Amino acid sequence: MPVSAPEPRSPLVQALKPGRHGAVGARQVTLRAYRRSLVQLQARKGRAADLATAVRQGLGLALPPPGRAETSPTLAAIWIQPSAWLLCAPYLAEGDLARSVRAAVGSAGAVVDQTHGKSVLRLSGPTARAVLETGCRIDLHPRAFAPGQAAATPVGHIDCILRQLDNAPSYELIVASTLAEAFVDWLLHAAAAYGCEVLPPD
Amino acid sequence: MHRIDCPWCGVRDEIEFAYRGDATVKRPEAGAGVDAFYAYVYERGNPRGWHIEWWHHAAGCRQWIKVLRHTLTHEIRATAKAGDTVTAPKP
């Protein structure tokens, strides 16, 4: 019996209502959920150099060193732990990203599809850093954290992969889907003093 | 609150880490006998001074790291990757 591929359905469909939350004013932030394909890529033992070469040739991307993210027009790679990266791409079809990464890296790396396991959010605006600082223990000041940098750290007591996208500033927040609803609940409270415009999901 | 310099992630708060005990304990040889294994599993020193410890960066890079910490002052003098050697200063 043919089984249709499951479409990823964000747990935030119910929790994240588009519209304005909290205070009204010019200092508001923007929050949006993004539908993304995610895979975790881990180098096989002793194959880190092979993996870096395979990813550069097959996916056109240099795997970033600790604490950093690399992007190409279609793909982002975020360092998450030694010899392991989270790859993030616009959602096309179920399993497509994992298949193409697996084909590119061959036996040099292990590929695990995380599309349903993690949820992607972006928080943007002049006060975005102030909002995150209420629950994030790393220094996000521009002297310490800039676009291209990434960190795995708890935000609002929930483990989060955080990376800065631009100087708006905009931050991408990747959390476990099972905790995404609780995370957004916290985030909207943290942003209430400045106001938060929730955009419809991407 | 400790501030621990993870060799992978940089300085992070203690809350991201889990303490995982004495990093100097060595597993005995397979035929070492029950007393040696009892000591390996259960017996630990309680030093007043420098202590080489395992800390697990559970909420960050998920790596186990070695930390040289003073049990009296809580000073952290060195951190290292799991495979690196850390030596305690003379008391």
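Residues numbered from 1 in each chain as written. Chains lettered and ligands numbered in written order. Predicted model: local features only at pLDDT ≥ 70, side-chain atom pairs only at ≥ 80, totals over all residues.

1. Quick word on the overall build of chain A
In terms of regular secondary structure, chain A is built from five helices and twelve strands. A compact globule built from 202 residues should have a C-alpha radius of gyration of about 17 Å, and chain A, at 17 Å, falls within 12% of that. For the C-alpha atoms alone, the extent of chain A along its principal axes is close to 55 × 50 × 30 Å. The buried share of chain A, reckoned over its 202 residues, is 38%. Summarising the internal contacts of chain A: among those between residues at least 6 apart in sequence, 68% fall at separations of at least 24. (Helix = DSSP H or I, 4+ residues; strand = E, 2+ residues; numbered from the N terminus. Rg over C-alpha atoms; globule rule 2.2 N^0.38 Å. Buried ≥ 20, exposed ≤ 12 C-beta atoms within 10 Å, placed from the backbone. Contact = placed C-beta atoms within 7 Å.)

2. Things to note about the overall build of chain B
When its secondary structure is counted, chain B shows one helix and six strands. Helices and strands in chain B line up, N terminus first, as β-β-β-α-β-β-β. A principal-axis box enclosing the C-alpha atoms of chain B has dimensions of 40 × 30 × 20 Å. Looking at chain B residue by residue over its 91 residues, the buried ones come to 18%. The long-range share in chain B, meaning contacts at least 24 apart out of those at least 6 apart in sequence, stands at 49%.

3. Comments concerning the environment of A:L162
All names here are of chain A. For L162, the location among the structural elements is in strand β10 (residues 158-166). A C-alpha to C-alpha distance of 12 Å links L162 and G135, two positions 27 residues apart in sequence. Setting aside anything within four residues of it in sequence, one finds L162 in contact with A150, A151, T153, V155, Y171 and L173.

4. Concerning the pairing of strand β1 (residues 3-6) of chain B
Residues and elements named next belong to chain B. Judged by which residues are buried, β1 turns out to be one-sided: I4 and C6 face inward and are buried, whereas R3 and D5, on the alternate face, are not. Here four bridges tie β1 to strand β2 (residues 10-13), and the two strands are oriented antiparallel to one another. Paired with C6 across the bridge in β2 is G10. Here β1 folds back onto β2 in antiparallel fashion, the turn holding three residues. (Pairing = 2+ DSSP bridges.)

5. Some details on the environment of A:L59
Take A:L59: it is sitting in helix α2 (residues 48-59). With residues up to four places along the chain from it excluded, the contact list for A:L59 reads A:L75, A:V101 and A:A104.

6. Focus: the sheet that holds strand β6 (residues 76-81) of chain B
Residues and elements named next belong to chain B. Taken together, four strands build an open sheet; the order of strands is β3-β4-β5-β6 and the sheet is antiparallel. Only two strands of the sheet have a single neighbouring strand rather than two, namely β3 (18-22) and β6. Each strand of the sheet is rotated relative to its neighbour by a mean of 30°, with strand direction disregarded. As paired elements, strand β5 (residues 64-70) and β6 share five bridges and run antiparallel to each other. Looking at the pairing, L68 lines up with A78 of β6. (Axes fitted to C-alpha atoms, helices over the stretch in contact; angles between N-to-C directions.)

7. Description of helix α5 (residues 177-191) of chain A
Residue and element names in this part refer to chain A. Spanning 15 residues, α5 covers 21 Å between terminal C-alpha atoms, matching the ideal 21 Å at 1.5 Å per step. For α5, the principal kink sits at F183 and spans about 25°. Among all positions of α5, only S177, A180, F183, V184, L187, A190 and A191 are buried. (Expected span 1.5 Å × (residues − 1). Bend = angle between axes of the 7 residues up to and from the residue.)

8. Digging into the sheet that holds strand β4 (residues 69-71) of chain A
Residue and element names in this part refer to chain A. The antiparallel open sheet is built from five strands, whose spatial order is β4-β5-β6-β3-β7. Two strands bound the open sheet, and with one partner strand each, they are β4 and β7 (109-113). Here the strands of the sheet are splayed against their neighbours by 25° on average, with no regard to which way each runs. Across the sheet, helix α3 (residues 96-105) lies against β3 (36-43), β6 (84-90) and β7, angled at about 30° from β3, the strand it touches most.

9. Section: the confidence of the model for chain B
On average, chain B scores 95 in pLDDT, and the residues at 70 or more come to 99%. In the predicted complex, the global pTM is 0.93; the interface-specific ipTM is 0.89. (pLDDT = per-residue confidence, 0-100.)

10. Thoughts on unusual backbone geometry
The residue after A:A168, namely A:P169, is reached through a cis peptide bond having omega -5°. Positive phi, close to 60°, is recorded for A:S83, a residue that is not glycine. By the secondary structure assignment, A:S83 is in the loop between β5 (76-81) and β6. Residues other than glycine seldom take positive phi values, yet B:R62 does so here, at roughly 65°. Along the polypeptide, B:R62 turns up in the loop between β4 (50-56) and β5.

11. Some thoughts on the domain arrangement of chain A
Residue and element names in this part refer to chain A. Each domain of chain A was delimited in the assignment, giving domain 1 (15-35 + 117-198) and domain 2 (36-113). With twelve residues of domain 1 at the interface, the matching set in domain 2 holds eleven residues. Counting only elements with at least two residues in the side of domain 1 that touches domain 2, the list comes to β8 (118-124), β9 (150-155) and β10. With three residues, β9 is the largest single contributor of residues to the side of domain 1 that touches domain 2. By residue class, the composition of the side of domain 1 that touches domain 2 is seven nonpolar, two polar and three charged. (Domains from an automatic or database assignment. Nonpolar A, V, L, I, M, F, W, Y, C, P; charged D, E, K, R; others polar.)

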